[in-house]
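Per-entry structural report
Chain residues, written in single-letter form:
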Amino acid sequence: MRRFNVVKGHATMNDFVLIDDPHGLHQLTPEVVAAICHRRRGLGADGLIRVVRAGGVKDWRGEPGLWFMDYFNADGSVAEMCGNGLRVFARHLVNEQLVDSVDFDVATRAGTKHVRVGGGGLIATQLGKADVVTDGVRVSANIGEFDATAVYVGNPHAVSFVDDGQLAQLELASQPTWSPASRFPEGVNLEFVEVRAPGHLTMRVHERGVGETMSCGTGVVAAAAAYRRRSGHDGPVEVRVPGGDLTVEFDGDDATLTGPAVVIGRGEIWI
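**What about the packing of aromatic side chains?**
Applying the stated rule across the entire model yields four aromatic pairs. Between the aromatic rings of Phe-16 and Tyr-71, the centroid separation amounts to 5.9 Å while the plane-to-plane angle is 70°, which identifies the pairing as edge-to-face. With a gap of 55 residues between them, Phe-16 in strand S2 (residues 14–20) and Tyr-71 in strand S4 (residues 67–73) connect regions that are remote in the sequence. For Phe-16, a relative accessible area of 0% puts it in the buried group. Among the residues examined, Tyr-71 registers a relative accessible area of 3% and is labelled buried. Look at Trp-60 and Phe-68: their rings are 5.7 Å apart centre to centre, the planes differ by 75°, and that puts the pair in the edge-to-face class. For the pair Trp-60 and Phe-68, one class covers both residues: buried.

Quick look at the structure:
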C-alpha cells in the first residue's frame, strides 16, 4: 500500500489530481494513475499531474530549476500537454508559494510555457504555436461523418464543425472514429464545434485516454485556430464548453488561452 499527499482542482470543470513530488521520488505507473483517477474507486479526475522539478524528469534538456507539469491522462497514458491542467498547475504553485511571482515559466513535454496569473481568478497561458493542417481527415460519430481539421497544440486534435442543433445530439461516451486511422497512430482529441456568432464558438470534446470531458484547454485552442483558418476571423475567439467559457487570442500562430482555475481541496489517498 502506498500513501500520496494530493491536491484536487479544476479549470472549467476539467478536473485534476496533483501530487507534489519536487525531488522526483514517486514513480507513477499507469495502474496507479488510473486507480487515483477512477470516478468510483479513486478520487476521480480527468487527469493526474505530478509537480516535480524539471531536472528530475528523464529526457528534459532545458532549465532544470523550472517546475515541470508531468501530466497523465485518466487511463494512465502520458500526454504531451494539457491547457486546463496548466492553469490548475499554476494556481497550485502560487497557492503554495512555490513561485515568487505571478508571471513565470512552466516546463512541459511540449516545451516551456509562460503563465500569467491575473485578477478575477483568471490565468493566461501562452501555449505556443497552433499548427493547422488541412489534409483530409474524416471523423465518424453517431450522427454522421464530418470533415475535420488537424491541429497540433503540443498534442494532436481533429476539429469538426457541425450544424446548429447537432452538438446536442452527439454521443461522446464512446470514442468517435477517424480515417485514415493511420493519421493519428497514438490517438487524437476530437472536438466538435458550432459557430454561434462571429468569434463565438460552442464546443464538445472527446479526449483521448479520458472520454468526454467538460472542457479541454488545448482543444479550445485547436477549435479557435481551425475557426480562424476557416473564417479569416482576426481577433479574440470566445469558446463555450460545458464547463464554462474560455478566451483564445493569437499573435501570428501563437495562442494564449485565458480562463479560470481553482484548487478545491487537499488530502491523502492510499493505493
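**A few points about the side chain of Asn-189**
Tracing the chain through its elements places Asn-189 in strand S12 (residues 189–197). Its relative accessible area of 2% is what places Asn-189 among the buried residues. Within the local environment of Asn-189, its side chain forms a polar contact with the backbone oxygen of Pro-156, the two atoms lying 3.0 Å apart. Looking at Asn-189, its side chain comes within polar contact range of the main-chain nitrogen of Arg-208, at 3.2 Å. Beyond its immediate chain neighbours, meaning those up to four positions away, Asn-189 contacts Asn-155, Pro-156, His-157, Ala-158, His-206, Glu-207 and Arg-208.

**Topic: helix H2 (residues 83–95)**
Its 13 residues give H2 an end-to-end C-alpha distance of 19 Å, which sits within 8% of 18 Å, the value for a rise of 1.5 Å per residue. Within H2, 11 of the 13 residues are buried, which leaves the element mostly enclosed by the surrounding structure. Listed in full, the buried residues belonging to H2 are Gly-83, Asn-84, Gly-85, Leu-86, Arg-87, Val-88, Phe-89, Ala-90, Arg-91, His-92 and Leu-93. Just beyond H2, the residue with positive phi is Gln-97, at close to 55°.

Thresholds, definitions, all that
- Throughout, a residue's number is its position along its own chain's written sequence, starting from 1.
- For this predicted model, a pLDDT threshold of at least 70 governs which residues receive local features, and a threshold of 80 or more governs which side-chain atom pairs are given and counted, while totals over whole chains, interfaces and linings are taken from all residues.
- Values reported for side chains reflect all heavy atoms of the structure, with hydrogen atoms and water molecules removed beforehand.
- The criterion for an aromatic pair is that two Phe, Tyr or Trp rings (for Trp, the six-membered ring) have centres within 6.5 Å, with stacked assigned to planes under 30 degrees apart, edge-to-face to planes over 60 apart and tilted to the rest.
- Helical segments are the DSSP runs of H or I of at least four residues, strand segments are the runs of E of at least two, and each set is numbered from the N terminus.
- Each residue gets one of three labels from its accessible area relative to the maximum for its type: buried under 20%, exposed over 50%, partly exposed in between, using a 1.4 Å probe on protein chains only.
- As used in this structure description, the phrase polar contact means that two N or O atoms lie within 3.5 Å; if the pair is within protein, one of them must be able to donate a hydrogen and the other to accept it, and residues adjacent in sequence are counted only when both atoms belong to side chains.
- Two residues form a contact once any of their heavy atoms are found within 4.5 Å.
- The span one expects for a helix is its residue count, reduced by one, times 1.5 Å.

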